[in-house]
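# Analysis of the macromolecular model
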Amino acid sequence: SKVSAGHAAVTCLDIDETGNWLLSGSSFCISMWHIASGSIATAFPLISDPTSVKFINDRVVATCLDPHCFIFKKTGAFIHDFKCSSVSNYTIDAVKLYGSEDKICYAVGGDSANIDIYLNGTNRLTSLKATAEHSQSNKRGKSDGDGDGEDEDDGDELME
């Protein structure tokens, strides 16, 4: 069966871990598709165009061209939104924390240099700052000078 989202541009996608469900974002809305039947099961309205979507447990999280991130139940029920430091958010990732049924960590990036980290979408844990200096050193790479072609590892960990 042919899956069609109409004439609006598709701006983001995610497939759930079962391979049965697809999220697609376009024109102020996230649609949850049942892949086998080619039908939309749920629509999640947003306040601007979506930029990123993700399935996480029984939830759907989304960013859009707005400072807020949105969390819904897969049934379509709105849970809550949370404000980030960017004026427009472009990407989100989320993971259930190991050993916990109810703790989800979210990372959100947008039009600022900040990467905001949240616990459960309610508590900002930290904001990381991406800089041009980091981007340039990653482009050049760092050599440890021993001629083995391996880059140096400075041992820094992002989160402990």
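Up top is the structure.
In what follows, the accompanying structure is described.

Rules used in this analysis
- Residues numbered from 1 in each chain as written.
- Predicted model: local features only at pLDDT ≥ 70, side-chain atom pairs only at ≥ 80, totals over all residues.
- Heavy atoms only, no water.
- Salt bridge = Lys/Arg side-chain N within 4 Å of Asp/Glu carboxyl O.
- Helix = DSSP H or I, 4+ residues; strand = E, 2+ residues; numbered from the N terminus.
- Buried < 20%, exposed > 50% of the residue type's maximum accessible area, 1.4 Å probe, protein only.
- Phe/Tyr/Trp six-rings, centres within 6.5 Å; stacked < 30°, edge-to-face > 60°.
- Contact = heavy atoms within 4.5 Å.
- Core = buried A, V, L, I, M, F, W, Y, C linked by side-chain atoms within 4.5 Å.

## A look at the pattern of salt bridges
- Applying the stated criterion across every chain yields a total of three salt bridges.
- Across the salt bridge formed by Lys54 and Asp93, the nearest N and O atoms sit 3.4 Å from each other. Remark: Asp93 occurs in strand β9 (residues 89-96) and Lys54 occurs in strand β5 (residues 50-56); sequence separation between them is 39 residues.
- On the accessibility criterion, Asp93 (43% relative accessible area) is partly exposed.
- Taking the shortest distance from any N to any O, the salt bridge between Asp58 and Arg59 comes out at 3.8 Å.

## Re the packing of aromatic side chains
- With the rule as written, the count across this model stands at four aromatic pairs.
- Ring centres of Phe44 and Phe72 lie 5.1 Å apart, and the angle between their planes is 50°; on these two criteria the pair is classed as tilted. Here Phe44 is found in strand β4 (residues 39-45), whereas its partner Phe72 is found in strand β7 (residues 68-73), with 28 residues between them in sequence. Of the two residues, Phe44 and Phe72, both sit in the buried class.
- Cluster of aromatic residues (ring-pair linked, three or more members): Phe44, Phe72 and Phe78.

## Observations regarding the side chain of Asp14
- Relative to the helices and strands, Asp14 is located in strand β1 (residues 12-15).
- Discounting residues that sit within four places of it in the chain, Asp14 has contacts with Trp21, Leu22, Leu23, Val53, Lys54 and Phe55.

## Considerations on the nonpolar core
- If you look at the biggest cluster of nonpolar residues, it comprises 13 residues, and the most contacted ones within it are Leu23, Ile30, Phe44, Leu46 and Val53.
- Element by element, the count of residues in this core is highest for strand β6 (residues 59-64), at three residues.
- For Leu46, the contacting residues outside a window of four places in its chain are Phe28, Cys29, Ile30, Ala62, Cys64, Phe70 and Phe72.

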